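Residues per chain, in single letters:
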Amino acid sequence: MLEPAVILLRLVQFAGAMILFGSSLFALYALPVHRPGSVPGAPWLRPLLSWSAAGLVIGSLVGLLTQTSMLAGSMTEGLKLSSLSAVATTMGLGRSALVRTAAAGLALLLLVVRRPDRRTLSACAILGAIVCASFAWMGHGAATEGAEGPLHLAADMLHALAAGVWIGALVGFGFLAFRRSGHTADTHAGLHKALHGFSGVGSGLVAVLLVTGLINSWFLVGPSRIAGLWTTPYGLLLSVKLALFVGMLGLAAANRFRLTPALGVALDTSGAPEAALGALRLSLLLETSLAVSVLGLVAWFGMLAPVSAQ
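Residues numbered from 1 in each chain as written. Predicted model: local features only at pLDDT ≥ 70, side-chain atom pairs only at ≥ 80, totals over all residues. Heavy atoms only, no water.

**Q** Would you take a moment to explain the overall build of the protein for this structure?
**A** Within the protein, the regular secondary structure consists of 10 helices and 0 strands. Tracing the protein from N to C terminus, the helices and strands come up as α-α-α-α-α-α-α-α-α-α. Relative to its length of 310 residues, the protein is compact, with a C-alpha radius of gyration of 20 Å against a globular reference of 19 Å. Reported as C-alpha extents along the three principal axes, the dimensions of the protein are approximately 65 × 50 × 35 Å. When each of the 310 residues of the protein is scored for burial, the buried share is 48%. (Helix = DSSP H or I, 4+ residues; strand = E, 2+ residues; numbered from the N terminus. Rg over C-alpha atoms; globule rule 2.2 N^0.38 Å. Buried < 20%, exposed > 50% of the residue type's maximum accessible area, 1.4 Å probe, protein only.)

Pasting the structure below:
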């Protein structure tokens, strides 16, 4: 029963980190400052970031306890101070969990005592970036030895950061598109501007994800073990993840080249934007669902031996 709990807690941490980092950035570059939908006028922002930070704190601490118990062989042994101390001080997964707890706790404190202005959001984005980067220290990248180790570790960090920007933006777009009080021309225009402005950022994110994904695959699969993608549990889950990622790319391309321009045309011609908004909402919902599924798979196959080790 411990392994499913560890996977679930890893998913909670991944989701919390992506939202804390990516949605803080989204608010900084996508929300207008002095119009409806601005940072002060986005009542969903503080609860979203606060809950993601709180989830990170809880997920990191409980995850550390659960993983220690799994390594020790039982909950009784894992909850002993000696076991927890050994994992927290001598293993990358323990140290990274403490870093995540501290960074998320500081972000939560900031969000409680300060309103989410640009300074607070900048601090949350930095702390969220630290959390995202820390995942590399509990993954396969930290286990690569030799001169190639730093390259693999850096690729893992960049991959997590790029994923955080993308997923955090998806969550932000979702709140803008589905907000109940947002049926105004200014809000629709703000959504269109945010979507249009993200197009360049999105292209860069895809490039980073593809390059870092290829680097990670080189280390974890290798050109001589491609057949392992269909004959090992790790390879099968990685293949499903790649298929879901392709689906996300397709939806993102539809948003950029068809749905966002359609919303712009409706707004420019003073037409009814409901049809364009409905298509955008459906696309964003599907893309976010695929993103959550990808995170779940990463939480799962991160517990398995890679193809290169089998």
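**Q** Is there a simple way to think about the pattern of salt bridges in this case?
**A** Between side chains of opposite charge, a pair can form when the charged atoms approach closely. Counted by the stated rule, this structure contains 2 salt bridges. The partner of E77 in a salt bridge is K80, and the shortest N-O contact between them spans 3.0 Å. With a closest N to O distance of 3.0 Å, R114 and D117 form a salt bridge. (Salt bridge = Lys/Arg side-chain N within 4 Å of Asp/Glu carboxyl O.)

**Q** Hey, could you run me through the confidence of the model for the protein in this one?
**A** One rule of thumb: low pLDDT means the predicted coordinates there are not for detailed reading. Averaged over every residue, the pLDDT of the protein is 87; residues scoring 70 or more account for 90%. Within the protein, helix 6 (residues 118-134) carries the highest mean pLDDT (95), whereas helix 3 (residues 75-78) carries the lowest (84). Here residues 34-38 scores under 50 on pLDDT; set against residues more than four positions off or in separate chains, the count is 8 contacts. (pLDDT = per-residue confidence, 0-100. Contact = heavy atoms within 4.5 Å.)

**Q** Help me understand the nonpolar core in this model?
**A** Most often, soluble globular proteins have nonpolar side chains that are buried together. Residues F173 and L191 are the most contacted members of the largest nonpolar core, which totals 76 residues. Listing elements by their share of this core, those giving two or more residues are helix 1 (2-30), helix 2 (45-72), helix 5 (92-113), helix 6, helix 7 (149-178), helix 8 (185-220), helix 9 (233-268) and helix 10 (274-301). Among the elements that take part in this core, helix 7 stands out by supplying 12 residues, more than any other. Those residues in contact with F173 that lie beyond four places of it in its chain are F26, L191, A194, L195, F198 and L284. (Core = buried A, V, L, I, M, F, W, Y, C linked by side-chain atoms within 4.5 Å.)

**Q** Would you explain helix 6 in this entry?
**A** Helix length check: helix 6, at 17 residues, gives a terminal C-alpha distance of 24 Å against a target of 24 Å (1.5 Å per residue), a fit within 8%. Those residues of helix 6 that fall on the buried side of the exposure criterion are T120, L121, C124, A125, L127, G128, A129, V131, C132, A133 and S134. Against helix 1, helix 2, helix 5 and helix 7 lie the buried residues of helix 6. (Expected span 1.5 Å × (residues − 1).)

**Q** Looking at this structure, how should I read the packing of helix 9 against helix 10?
**A** To describe two helices that pack against each other, one gives the angle between their axes and the distance between the axes. Where helix 9 meets helix 10, the axes come as close as 9 Å, and the angle between the chain directions of the two elements is 160°. With respect to helix 10, the element helix 9 is oriented roughly antiparallel. At the point where helix 9 passes helix 10, the crossing takes the left-handed sense. For the contact of helix 9 with helix 10, the residue count by class is 25 nonpolar, 5 polar and 2 charged. (Axes fitted to C-alpha atoms, helices over the stretch in contact; angles between N-to-C directions. Parallel < 35°, antiparallel > 145°, perpendicular 65-115°, else oblique. Left-handed = near helix turned anticlockwise from the far one by under 90°. Nonpolar A, V, L, I, M, F, W, Y, C, P; charged D, E, K, R; others polar.)

**Q** Got a minute to help me understand the packing of helix 2 against helix 4 (residues 81-90) in this structure?
**A** At a minimum axis distance of 10 Å, the contact between helix 2 and helix 4 shows a crossing angle of 105°. With respect to each other, helix 2 and helix 4 are oriented roughly perpendicular. When helix 2 is examined against helix 4, the residues L64, L65, T68, L71 and A72 are found in contact with a partner set consisting of S83, L84 and V87.

**Q** Explanation requested: the side chain of K241 in the structure shown.
**A** Position of K241 relative to the elements: it lies in helix 9. Ignoring anything within four residues of it in the chain, the contact list for K241 reads H159, V294, L297, V298 and F301.

**Q** Whenever I open this one, the side chain of S69 confuses me. Can you help?
**A** Take S69: it is sitting in helix 2. Excluding residues that lie within four positions of it along the chain, S69 makes contacts with L2, S74, M75, G78 and L79.

**Q** How should I be thinking about helix 9 in this particular structure?
**A** Every α-helix carries 3.6 residues per turn, so stepping three or four residues along brings you back to the same face. A rise of 1.5 Å per residue sets the reference length of helix 9, with its 36 residues, at 52 Å; its end C-alpha atoms lie 51 Å apart and thus fit the reference within 8%. The sharpest bend along helix 9 measures roughly 45° and falls at N255. (Bend = angle between axes of the 7 residues up to and from the residue.)

**Q** Please clarify how a nonpolar patch on the surface should be interpreted in this entry.
**A** Taken together, L106, L109, V112 and V113 make up a surface patch of nonpolar side chains, about 380 Å² in accessible area. Inspection of the secondary structure puts L109 in helix 5. (Patch = residues over 30% accessible without salt bridge, like charges linked within 9 Å, V, L, I, M, F, W, Y side chains within 5 Å. Areas by Shrake-Rupley, 256 points an atom, 1.4 Å probe, with all protein chains shown as cover.)

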